[in-house]
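Topology and contacts: notes
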Amino acid sequence: MSTETTLTFHADRLAALRLWMSGQQVDAYLVTSADAHQSEDCPGHDRCLHWLSGFSGSLGRALVLKKGAVLFVDGRYQVQASRQADPGLWQIAHLHQTPPGKWIARETGHPCLRIGYDPMLWSVNQADDLRKALASCGAELLPLPDPFSTIWADRPAAPKGKVRVMPEALSGLSASEKLETIRKDMAGEQIDLWVESRPDEIAWLLNRRGSDVPMHPVPLSFALIPMDGAVSWFIDPAKLADDSLDALTVKTEPPEAFLPRLAELAQGRRVGFDPVFAPDAVTVAARKAGAELVPSTNPIMLRKARKTAAELKGYRDAHHADGIAWVTYCHWLSVEVPRRAAAGNPVTECEAGDRINQFRQAVAGYLEPSFKPISAVGPNAAMCHYNPTPGNDTPLMPGSLYLLDCGGQYESGTTDATRTFAFGDCPSGLKTAATAVLRGFLSLSMACFPKGTFPHQLDALARMHLWQLGLDYDHGTGHGVGHNLLVHEYPHRLGKLPNPFGLEAGNIMTIEPGYYLEDGFGLRVENQVEVVAGDNGFCSFRPLTLVPIDLGLFSLDALSPEEIGWLDAYHARVRAELMDELSPESRVWLASATRPIAALQSGEA
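First, a word on scope: everything that follows refers to the structure included in this document. Note that the coordinates shown come from a computational prediction; the quantities given were computed from them, not determined experimentally. Positions within a chain are numbered from 1, following the residues in the order the chain's sequence is written. Per-residue local features of the predicted model are confined to residues with pLDDT of at least 70, and side-chain atom pairs are confined, for both listing and counting, to 80 or more; whole-chain, interface and lining totals are unaffected and use all residues. The basis for every side-chain value is the complete set of non-hydrogen atoms in the structure, without hydrogens or water.

**Let's talk about the pattern of salt bridges**
Salt bridge, as applied in this entry: a Lys or Arg side-chain nitrogen positioned within 4 Å of an Asp or Glu carboxyl oxygen. Going through the model one piece at a time under the given rule, you end up with 31 salt bridges. R316 is the partner of E530 in a salt bridge, and the nearest nitrogen-oxygen pair spans 2.9 Å. Of the two residues, E530 sits in strand β27 (residues 527-533) while R316 sits in helix α13 (residues 309-342), which places them 214 residues apart along the sequence. Exposure classes here rest on a 1.4 Å probe applied to the protein chains alone. A residue is buried below 20% of its type maximum, exposed above 50%, and partly exposed in between. Given a relative accessible area of 36%, R316 falls into the partly exposed group. Salt-bridge contacts for R355 lead to E351; the nearest nitrogen and oxygen are separated by 3.9 Å. Taken together, the residues span about one helical turn, with R355 and E351 both in helix α14 (residues 349-360) at a distance of four residues. Residues joined in a network through salt bridges with shared partners are R198, D200, E201, K304, K307 and E489. Where helices and strands are cited, they refer to DSSP runs of H or I of at least four residues and of E of at least two residues respectively, numbered from the N terminus.

Below you can see the structure in the form of C-alpha cells.
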C-alpha cells in the first residue's frame, strides 16, 4: 500500500499502520491521543488517534494488533467511542478499569511479545506503568519513530502560531527574576539541568504567550535550563518572527534539536524532569548520555501556582470585565428565551453558547474563549462535557433547565464559571438535588482551613449534602486556572483523589460541584476563587467570579442563616462592583437578580 496515497477509510488507515508495524518487526503498536507535551487539546498535526480510529475525544489510547484493535476510553467517552469508531474494526475497553498494559497481560489470545510505542508521546510515568504491566506476560515495550509521519499523507503541518510578550506589568516578575528563583530551587535539589516539556511552564518562565492552539495561549516548545548560562528554547523560528527576545538570556533552536542537545548537555550531570509530563524519550536520551536521572516535582509549576500581586490584580480585572459580559448575557437570556419561544423561533444551545462570547468581545481586554462553551439544555446537561452541534442542538424553552459553562482569555487573566438557569418553576425533586449542590458549593466557599491543607482534604465539604441524599457527581470539584494560560492548570485539584500540593495564599482555584441525572438534567454552580490568607496561619476562598446565581432553582427555606448571609453578601458585592458599567436594562435585571433572599421569600419587588 502506497504511503503517498491519502487514506480515506479507517480500515485502510489501520492496514497502513499494520504494514508499517511489519517493517518494524513488532506484534502490536500503542497509540495515544496525547502530543509530546501531554496537552489537554492537541493541534490537528498531533491528533493521530482521531485520524486512525475516528474517535474525537480528548483522552484515549489504542492498541493495534496484527489482527484486531482495541480503543481505550474512560467513562465520559464510552458512548461517543462506540458511535465514532467502526465496531467492525475496533473493540472498546475502559481506560481505567482495563488500561492497555493490564489488557495485554490478561489477554492470552494475542501473543503480544514485541509492542512498539513512540517515546515522545508517552510520559515517563505512563511508559513505566506499561513496562511493569507487560513484564508479567513477558512482553517487551520498544521505542520506535513516529509511524504517522510515514502513513498519514495529508497530515496537517505543525502549527506556527506567533508568540507575543506578556508585559512585566501584568506578570509581576521579569523572566530573569523567575529564572533566578527556579535555579535556586534546582540548587536545592542538586539538579544541574532541568528538562521542561510543558509549554505553559515555558510561557510563564519567559513571559511569553503563544497561539498554536485556539483557546490555549501557549507556544508548543521545549526548554533546557542549566544552572548557569543561556536557556535553550526549542521552538520553530517562524513563531518568533515578531519577537526580538529582548531581555531574555535564551538561545533558540529548532524543535528537532531538542533530544540531541539534551544528550550533549546531560553528560555527567544530574538531570531533573517531571515524570508525570516529560516524554519517556527524555530519560532514554539522558540515560544513554550517562546522566544521573532526577525525577522531581516541577519547580516552575509550583512557582507559577503562587500568583504574584500583579497577576492577582489581573485576575480581578478580568473577572470584572467577564462579569459585565455575563450580566448582559443573563439579561439577554431573560428577555429572548420567552420572546423567541412565543414567536416560534427559540434560542438554541449553539446560539446561546456563541452569544456569551459576543458579549465578551465588547468588554476590555478580551482575547478569545478559554474553552469551548458547554451550552446544554435539560438531558444534554447530564453529559458533563457536552458540546452542541449546529442543526442538532436543543432549543431553550420556558420550563427548561439550561447550563452554561464557559470562560474567557483576557490580557490580564483567564476566567471559568458555570451557571444553571431555570426558565420557570422547577419540580420539587429537582430542587432537592439542586439545593444539595448549592449547599455544597456554599460549604466549600465558606471554608476556613490551615495553610498547606491538601485540596482533597476539602473535597467532602462540596459533596456532603449530596451524600446525605445518596447522590454524588463523577468529576472533580475544582482545578487551578492559569494567568492568561491554560484554563485547567496544574498542580492543584479539588477531588476525591489525593493531591499532595498544599493550598496557600495566591493560588487560584475553581469550586464547581454538580449533579447529573442521566436522560433527565444536569446542574452545576461554579465560581473561580482566590486563596487568601487569614489570621493564625489559616486561609479561605474569596470569589473572583462576579455573576448572580439563579436562586429559582433552590429551596431557599432549606438554607441556614450563614448560607443565606453568604449569598446575600456575594450578590451585594456583584451588584456594587458591576452596576455602574451596565446598560439601563441590564441594571434593572441585576437589581432584581441580586435581591436579598428575605425579599425573595416575601415576594418583594
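**With respect to empty space enclosed by the protein**
Site definitions follow a grid-based scheme: protein atoms alone, a 1 Å grid, a 1.4 Å probe that fits but cannot get out for cavities, and for pockets an open set with protein on both sides within 12 Å along at least five of seven lines, plus lining residues having an atom within 4 Å of a point. Grid points are joined across faces, edges and corners, and a volume is the space filled by probe spheres set on the points. Applying the stated criterion to the full structure yields six cavities of 30 Å³ or more. By volume, the largest cavity is sized at about 100 Å³. The wall of the largest cavity is formed by 14 residues, among which S33, R47, H50, G57 and S58 lie closest to the centre. A per-class count over the lining of the largest cavity returns four nonpolar, six polar and four charged. Residue polarity is assigned by list, with Asp, Glu, Lys and Arg as charged and Ala, Val, Leu, Ile, Met, Phe, Trp, Tyr, Cys and Pro as nonpolar; anything else, Gly included, falls into the polar class.

**What to know about the side chain of R198**
Inspection of the secondary structure assignment puts R198 in the loop between β8 (193-196) and α9 (199-206). The exposure class assigned to R198 is buried, which follows from its relative accessible area of 6%. Setting aside its immediate chain neighbours within four residues, R198 contacts H37, Q38, S39, F277, L486 and Y490. Residue contacts are defined here by distance: any two heavy atoms, one from each residue, within 4.5 Å place the two residues in contact.

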